[in-house]
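Working through the structure, step by step
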Amino acid sequence: MNQEPDQTKEQNAYEDQFASSDSNEGAVTLPTSINDNEFQLIYQAKEESMGGTKLRMAKNIVDFAKSYRCSHLLLIDGSCWVSPDKGVSVLAQIEGNEKLDNYDYVTVPLDYAVYIAKINDGIVVEEKVRPIDQAISYLQNHKHAEIAILAGGHAYEQLASHQFIVNCDLTIFTWESEAANYRFKAINLVLINNLLFHKRLFTPALIVITPLIIIAFLFSPLYDVKLDKAQRNTRSMFDLDITPKSKLIVKTAPKIPQTILENSASQLLAEITPWVTGKTINLLRICRLKTVEISKRSLSFEGERMSNIKKNLLGCGNARLDNIVQANALRIIREKDSWSFVLAMQPNIAQTTDRKDYSQTLKRLELISQHIGWRLNILSTINNGEKQRLKVLLQGKNLNSQVLNVISGGLIDYATEFVKGTIQFNPNNFDLLDAQIEIDIHTQSSATL
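In short, a report on the structure. Within each chain, residue numbers correspond to sequence positions counted from 1 in written order. At least 70 in pLDDT is required for a residue's local features to be given in this predicted model, at least 80 for side-chain atom pairs to be given and counted, and no such filter applies to totals for whole chains, interfaces and linings, which use all residues. The basis for every side-chain value is the complete set of heavy atoms in the structure, and neither hydrogens nor water enter the calculation.

1. Focus on the sheet that holds strand β11 (residues 183–186)
Adjacent strands of a sheet form backbone hydrogen bonds with each other and so pair up, either parallel or antiparallel. Put simply, the test is: Strand pairing is defined by DSSP finding a minimum of two bridges between the two strands. The helix count covers DSSP runs of H or I at least four residues long, the strand count covers runs of E at least two residues long, and both are numbered beginning at the N terminus. Note on geometry: axes are C-alpha line fits, over the in-contact stretch for helices, and angles between N-to-C directions span 0 to 180 degrees. Should any heavy atoms of two residues lie within 4.5 Å, those residues are counted as being in contact.
Here we have 7 strands laid out as an open sheet, ordered β1-β2-β6-β11-β4-β5-β3, and mixed in their pairing. Both outer strands of the open sheet, β1 (28–34) and β3 (46–49), are each paired with one neighbouring strand and no more. Averaged over neighbouring strand pairs, the angle between their axes works out to 40° when direction is ignored. In the packing of helix α2 (residues 54–67) onto the sheet, contacts are made with β3, β4 (72–76) and β5 (79–83), and the angle to β5 comes to roughly 35°.

Here you go:
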């Protein structure tokens with residue numbers, strides 16, 4: 001379709017800008033606007049799933065960004081996208097959204113162009129931004145597909161004139177505060193916000209911390225003591241205080257029993273969160289994922305046979321599964337009726353942790369279970385004098401990163417060891433059937449406090 005003869009020079013310039021912006025390097029950056037509110041759109045960003053320990057995640061994220069010479073990241077539930085510039089992702093706002101379950105395409109009208117995403121089982125498989133006339137032609141060629149038309153900018157008027165009317169109430173955020181969770185940010189800022197340590201943070205941290213340490217020292221009692229001591233040293237050697245000092249009585253603090261944890265439950269739950277929640281697990285669920293077995297040393301995934309299991313007839317589900325396996329250097333096993341792979345966990349450093357009071361620990365467990373809506377079962381209690389070891393089972397039917405963060409954060413100061421865990425899914429409708437986490441908790445009686 002030819003361009004309208006009365007099209008403005010502004011629109012022509014705008015089209016020239018994004019027509020040449022498609023790139024295979026990192027991502028495409030496009031300055032654009034919706035209803036005259038300007039923002040920077042990032043699309044076609046390279047993506048990779050991140051898991052493992054925080055140190056491993058930090059290294060993989062930095063290496064991933066460096067491989068595409070990108071300086072900005074978007075990190076959501078273990079999925080990482082990279083970009084050479086800051087900006088807003090529409091993909092992160094529409095992928096996995098339940099409102100789009102029945103659609104094949106998602107259309108967001110900008111002011112002088114149209115953003116179009118192709119989705120398959122909730123996953124965005126293609127992104128493009130096209131001039132209005134080209135976008136209309138493209139949508140007309142796919143009129144038999146299910147197309148979600150979202151509210152947007154001035155381009156909507158021309159879409160509506162061709163019968164592409166808003167039919168989905170999903171809102172796309174572009175403002176600074178509203179789009180904070182979907183913005184590409186500088187690598188260092190993303191690492192700090194997610195408590196991911198990397199050696200690249202050392203220099204900026206030193207620059208920030210050194211002046212603060214100096215200021216804190218100048219205003220601290222220690223500095224006053226040193227200053228006072230220097231002044232006293234200038235006095236005459238005969239000006240001495242020889243008054244006998246009373247002997248201080250030092251009271252010994254009660255000794256709190258400690259436990260050496262070979263595998264902290266809090267630490268392990270934080271490490272597996274990117275693998276059992278978010279985009280990675282959603283991708284595996286549409287590959288007919290059935291169970292996830294969690295141990296101290298590994299995560300084991302098993303699913304049912306998908307159609308076209310033969311190598312020369314691999315369907316899209318098998319392709320997604322292969323992408324996950326290859327991206328994480330895993331080995332997949334395909335049987336006649338199932339598939340499986342095992343992810344080895346990084347060994348944890350043993351931790352020495354104080355035992356908390358028995359009743360205090362029970363109250364903490366009850367608060368955690370109430371907050372996340374899981375059942376709490378005390379499987380056994382082993383008494384050894386003033387020490388106890390509780391075997392606890394947490395069980396529920398809702399699982400996301402917030403649930404695991406509550407459990408991990410709630411137990412971070414408690415002497416807990418991970419025993420095992422199981423997550424079960426219905427491969428036919430992707431529903432979560434059951435999630436169980438079993439842990440050992442070391443406590444002490446209040447008499448020893």
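What follows picks up the thread again.
2. Some thoughts on the sheet that holds strand β9 (residues 123–131)
Taken together, 4 strands build an open sheet; the order of strands is β9-β8-β7-β10 and the sheet is mixed. Edge positions in the open sheet fall to β9 and β10 (147–149), since each of these has one partner strand only. Between one strand axis and the next, the sheet turns by 20° as a mean value, whatever way the strands run. Strand direction decides the pairing type here: strand β7 (residues 105–109) and β10, joined by 3 bridges, are parallel.

3. Here's the deal with the pattern of salt bridges
Using the following cut-off: The rule for a salt bridge is simple: a side-chain nitrogen of Lys or Arg has to be within 4 Å of a carboxyl oxygen of Asp or Glu. The buried label applies to any residue whose accessible area, calculated with a 1.4 Å probe on protein chains only, is under 20% of its type's maximum; exposed applies above 50%, and partly exposed to all values in between.
Under the counting rule described, the total for this entry stands at 8 salt bridges. The residue D169 makes a salt bridge to K99 at a minimum N-O spacing of 3.2 Å. Within this pair, whereas D169 is found in the loop between α5 (156–161) and β11, its partner K99 is found in the loop between α3 (91–94) and β7, the two being separated by 70 residues in sequence. What makes K99 partly exposed here is its relative accessible area of 43%. Between D440 and K391 there is a salt bridge, with its nearest N and O atoms 3.0 Å apart. In this pair, D440 is assigned in strand β22 (residues 432–444) and K391 in strand β20 (residues 387–396), connecting sequence segments 49 residues apart. Residue D440 is classed as buried on the basis of its relative accessible area of 10%. Its relative accessible area of 22% is what places K391 among the partly exposed residues. Residues joined in a network through salt bridges with shared partners are R288, K290 and E304.

4. Quick notes on the packing of helix α9 (residues 265–276) against helix α13 (residues 401–410)
Note the threshold: Oblique is the label for every angle not falling under 35 degrees (roughly parallel), over 145 degrees (roughly antiparallel), or within 65 to 115 degrees (roughly perpendicular).
Running from N to C, α9 and α13 cross one another at 175°; their axes reach a closest spacing of 9 Å. One finds that α9 runs roughly antiparallel with respect to α13. Contact with α9, carried on its side by S266, L269, A270, T273 and V276, involves S401, L404, N405, I407 and S408 of α13 and no other residues of that element.

5. Some words on the side chain of T361
For the record, the criterion: What qualifies as a polar contact is a pair of N or O atoms within 3.5 Å, subject to a donor-acceptor requirement within protein and to the restriction that residues adjacent in sequence count only when both atoms come from side chains.
Considering the arrangement of structural elements, one finds T361 in helix α12 (residues 358–372). Classification of T361 by relative accessible area gives buried; the value is 2%. In this structure the side chain of T361 is engaged in a polar contact, spanning 2.8 Å, whose partner is the backbone oxygen of D357.

6. Some thoughts on α9
To keep it simple, the criterion reads: Helices are assigned an expected span. That span is 1.5 Å times one less than the residue count.
With 12 residues, α9 should cover 16 Å at 1.5 Å per step; its first-to-last C-alpha distance of 15 Å lies within 8% of that length. G278 sits one or two residues past α9 and shows a positive phi near 80°.

7. Description of the nonpolar core
The criterion, for reference: Definition of nonpolar core: a set of buried residues of the types Ala, Val, Leu, Ile, Met, Phe, Trp, Tyr and Cys, connected through side-chain atoms within 4.5 Å.
If you look at the biggest cluster of nonpolar residues, it comprises 45 residues, and the most contacted ones within it are V292, L299, F301, W339 and I407. Per-element accounting of this core gives the leading share, 6 residues, to α9. The next biggest cluster of nonpolar side chains, apart from the first, holds 34 residues, and it includes V28, I42, A45 and V106.

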